[in-house]
Amino acid sequence: AVRSSDIGVVYIFGYGFPPAKGGPMFFAENYVGLPKLLERLKVHAAETKRKVEANKTLLPVDYFEPSKLLVECVQAEQMGMKKKVPVGVPLVDAVLNYKKKGGGASKL
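Values in this document were obtained by computation on a predicted structure and should not be read as measured data.

Draft legend 1. Main features of the overall build of the chain. Helices and strands together make up the secondary structure of the chain, namely 6 helices and 0 strands. Reading the chain from its N terminus to its C terminus gives the helix and strand order α-α-α-α-α-α. For the C-alpha atoms alone, the extent of the chain along its principal axes is close to 50 × 35 × 20 Å. Burial statistics for the chain: of 108 residues in total, 28% are counted as buried.

This is how it looks when you write it as structure tokens:
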């Protein structure tokens, strides 16, 4: 995917994500909120890790571990980058473009 909207198109037309919600990336950023999503993923990751450690018959999983990009987007939002992004441009796309131009996560 080149843009976050590409993921939305795939999920809406391929997997039946409700079109009124604008796709999973749009929904996460504009309705749930990226900081809230990050917080809940960390909770689920810790809970899953605890369950796996308590029951050795379970296979370890890491699908609740937050991605580096999500962490960077939350950092960017906390530093006020969202206010600088043009209307209609998702923060995820702005962070990716910033990184492509040589900006590192520490500079966000």
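From this point, the discussion proceeds with the structure in view.
Draft legend 2. Expanded view of helix α3 (residues 34–54). With 21 residues, α3 should cover 30 Å at 1.5 Å per step; its first-to-last C-alpha distance of 30 Å lies within 8% of that length. All buried positions along α3 are accounted for by L34, L38, L41, A45, T48 and V52. Across the axial projection of α3, the buried residues extend over an arc of 95 degrees, all falling on one side. Facing away from the buried side of α3, by more than 90 degrees, are the exposed residues R50 and A54.

Draft legend 3. The arrangement of the pattern of salt bridges in detail. This structure, assessed with the given rule, holds 4 salt bridges. In this structure, R3 and D6 form a salt bridge, with 3.3 Å as the shortest nitrogen-oxygen distance. With relative accessibility at 46%, the residue R3 sits in the partly exposed group. We classify D6 as partly exposed; its relative accessible area is 22%. We note a salt bridge from K99 to E72, for which the minimum N-O separation is 2.8 Å.

Draft legend 4. Structural view of the packing of aromatic side chains. In this structure the tally under the stated criterion is 5 aromatic pairs. Both rings, one in Y11 and one in Y15, keep their centres 4.8 Å apart while their planes meet at 45 degrees; by these two values the pair is tilted. Pair noted here: Y11 and Y15 are both in helix α1 (residues 4–15), with a separation of 4 residues, about one helical turn. Y11 gets classed as partly exposed once you look at its relative accessible area, which sits at 38%. A relative accessible area of 61% means that Y15 is categorised as exposed. In this structure an aromatic cluster arises from ring pairing among F17, F26, F27 and Y31.

Parameters at a glance
- The residue numbering used here restarts from 1 in each chain and proceeds along that chain's sequence as written.
- pLDDT decides what is reported in this predicted model: residues at 70 or higher carry local features, side-chain atom pairs at 80 or more are listed and counted, and totals for whole chains, interfaces and linings draw on all residues regardless.
- Neither water nor hydrogens contribute to the side-chain values; these are computed over all heavy atoms in the structure.
- By the criteria applied, helices consist of DSSP H or I runs no shorter than four residues and strands consist of E runs no shorter than two, each listed in order from the N terminus.
- In this scheme, a residue with accessible area under 20% of its type's maximum is buried, one over 50% is exposed, and one in between is partly exposed, where area comes from a 1.4 Å probe on protein chains only.
- One less than the number of residues in a helix, times 1.5 Å, gives the span that helix is expected to have.
- Our arc is simply the arc of the directions from the helix axis toward the C-beta atoms.
- Any Lys or Arg side-chain nitrogen located within 4 Å of an Asp or Glu carboxyl oxygen qualifies as a salt bridge.
- A pair of aromatic rings is counted whenever rings of Phe, Tyr or Trp (Trp by its six-membered ring) have centres within 6.5 Å, and the orientation is called stacked for planes under 30 degrees apart, edge-to-face for over 60 and tilted otherwise.

Any functional reading would require information beyond the geometric quantities listed.
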